[in-house]
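These are the residues of each chain, in order.
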Amino acid sequence: MSFATPTALPSAKAAEGRRHFGQFSLRRRVLLSQMPLTLSVALIVVAVAVFHPHIMMDSPYFLGGVGGVALLTVLAGVAPWDRFPPVVYWVIPLLDFVAIAPMWASARHGLDGMVMLSAFPVFWLAWSGIYPVIGVVLAFVGSAAVTWWPYLPGTPTFAEGLLEYDLHRPVVVPFIMLALAVAASVLTRSMDRQRRDLGAALESFETQNRLLQAVVETSDVGILVVDGDGHDVLMNQAQRRTHFIGLPPGREDGAEHELLLFEADGVTPIPAEERPVTQALQGKDYRGRIIAIGTDGAQQHLSVSASSMHDQEGTFDGTVVVFQNVTDLMDAIQTRERFVAEVSHEFRTPLTSIIGYLDVALEEDLDPLVRKFLTTSQRNAERLLGLVTSLLDTAANSSKVTVQEVNLARLVRNSAESVAVQATKAGLSLQADLPERMDAKADPVKMGQVVDNLLSNAIKYTPAGGSITVSLRQLEGVGGVDGSGEWAELVVRDTGFGMTEAEREKLFTNFYRTEHVRKAAIPGTGLGLAITQGFVRAHGGEILVASEKDVGSTFTVRIPLCGPDA
């Protein structure tokens, strides 16, 4: 870590109340960097006093060096280093070399390893990180000066017995110090780089954390994060509001088992062991569970989803539970169902009256052409009554079929004849490719509605000049669970507007109408195909659609001839 650049940690608690070296003032860091040398010199003074007291008595250079280190230590602790450029405090380690040299010269014969004292200022210069190259050079020069000080000609401490080759004896020491300085400098620069990278990563993490916190708190979806021990880790504002709704009267807070939670009907209480968070803490994942929370007018409906978390060893480590308020959606669905049921009920009475009067009229002696028209009107009124009944069944979530022997070929032929006049008026060509007879076990009313819906749609969504083809044939070994048995296949093909792939995916959704139909203001409710699909599936069959925009559509219905229970 660079000596001149402090590192700010997130908080003192992270280090258990102890401050990091980089958090100290520059004056204190200078003093702490000087203290290892000072303590080492103190130990040397004690050792010399005990084992070689004559050194202290006979050599003033030793005491001068000791005094120099002491003076530099005081200077390190009192000088206002913060007011100067960081490089100024280099004066302390550089003057340390000056103080160490006479000590080394005086006591080197009594105590081995005295020259190692120069390692302290060497490291200090190297790890300062201010000017790495200059610091290493000064460390080398300083350690060389200390090492060769006793060998210089004329040095009073070693005037006798000087041999020329003695100058080569300490030559290795400065280079060892140089290697230590380089290693310390490289290590410091690497740590500085890691510190900067870590600081950048920490800043990026904090930015993302603030962003995530803002998103979570402003979300309308309630979010609850619970750890593996069942303790709440995170609860956003939306979830706190939801939690408050579920509290019993007079309570300001409470655990999940105390909340007023009910099944989707809003009446049946949910047992404690089956509540969403409790189940999530058991490691269960689920999606879209509908529950009700609260009572009276404040009750809300929620769609709850849970996803468990696991550590690297696969052990359960907590869960994330999401609560989406679907009260408005539930109200809209209930309103729609009530609307369908009420409108259908209002249609049933006049239709029943129309059919009754047509029955009375047909009992009279009528012209054959008039009788044919009245018969066709009666048949279509009965089918319309069946459609109204189906709407009521849909509102009541019922699509039971009454199976009986039926000639599918005649049923399809009658439907084709019923829409023939309508197709001609629309300028369309209607072709039927039907066998003479095809017996099946089916509900004639509901299958009649299936054919009528498909033909009506084909006429409604095909522009003038187009063509419609309806065909019926018998297949073997298709559909079903085991792909066996005899099946009837009804195909209605048109050259109409067609659909995109996205529109086909939503085609059988209640009240769905394609964009082209909405823009063209073509009348309709968007219920026909949803009801048709329900009737086909009730017969144990399937309905398929192939369509291309501006080319046309083909609807294929397949049902087993032997009935839905076969």
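Quick caveat: nothing in here was measured; it's all calculated off a predicted structure.

On to the packing of helix α4 (residues 91-107) against helix α5 (residues 119-127). In helix packing, the relevant descriptors are the interaxial angle and the interaxial distance, both defined with respect to the helix axes. Two numbers describe how α4 lies on α5: the axes approach to 9 Å, and their chain directions differ by 165°. When the axis of α4 is compared with that of α5, the two are roughly antiparallel. Our pair here, α4 against α5, has a crossing hand that is left-handed. Contact residues: α4 offers Ile 92, Pro 93, Leu 94, Asp 96, Phe 97 and Ile 100, while α5 offers Pro 121, Val 122, Trp 124 and Leu 125. For the contact of α4 with α5, the per-class residue count stands at nine nonpolar, no polar and one charged.

On the surface, a cluster of negative charge is made up of Asp 359, Glu 363, Glu 364, Asp 365 and Glu 382. Position of Asp 359 among the secondary structure elements: in helix α10 (residues 327-362). For Asp 359, a relative accessible area of 34% corresponds to the partly exposed category.

The subject of this paragraph is the nonpolar core. Among the nonpolar cores identified, the biggest contains 40 residues, and Val 30, Phe 62, Met 103 and Met 114 are the most heavily contacted of them. Put simply, the parts of the chain that give this core at least two residues each are α1 (26-51), α3 (60-78), α4, α5, α6 (132-148) and α7 (172-218). For this core, the element with the most residues is α4, which contributes eight residues. Apart from the residues lying within four places of it in its own chain, the contact partners of Phe 62 are Ile 44, Val 45, Val 48, Ile 55, Met 56, Pro 102, Met 103, Ser 106 and Ala 107.

Once that is clear, we can look at the pairing of strand β9 (residues 439-442). Residues Ala 440 and Ala 442 point to one face of β9 and are all buried, whereas Asp 439 and Lys 441, pointing to the other face, are not buried. Sheet topology places strand β7 (residues 404-407) next to β9; four bridges connect them, and they run antiparallel. Along β9, the bridge assignment pairs Glu 405 with Lys 441.

Basis of the calculations
- Residues numbered from 1 in each chain as written.
- Predicted model: local features only at pLDDT ≥ 70, side-chain atom pairs only at ≥ 80, totals over all residues.
- Heavy atoms only, no water.
- Axes fitted to C-alpha atoms, helices over the stretch in contact; angles between N-to-C directions.
- Helix = DSSP H or I, 4+ residues; strand = E, 2+ residues; numbered from the N terminus.
- Parallel < 35°, antiparallel > 145°, perpendicular 65-115°, else oblique.
- Left-handed = near helix turned anticlockwise from the far one by under 90°.
- Contact = heavy atoms within 4.5 Å.
- Nonpolar A, V, L, I, M, F, W, Y, C, P; charged D, E, K, R; others polar.
- Patch = residues over 30% accessible without salt bridge, like charges linked within 9 Å, V, L, I, M, F, W, Y side chains within 5 Å.
- Areas by Shrake-Rupley, 256 points an atom, 1.4 Å probe, with all protein chains shown as cover.
- Salt bridge = Lys/Arg side-chain N within 4 Å of Asp/Glu carboxyl O.
- Lys, Arg positive; Asp, Glu negative; His and termini not counted.
- Charge placed at Lys NZ, Arg CZ, Asp CG, Glu CD.
- Buried < 20%, exposed > 50% of the residue type's maximum accessible area, 1.4 Å probe, protein only.
- Core = buried A, V, L, I, M, F, W, Y, C linked by side-chain atoms within 4.5 Å.
- Pairing = 2+ DSSP bridges.

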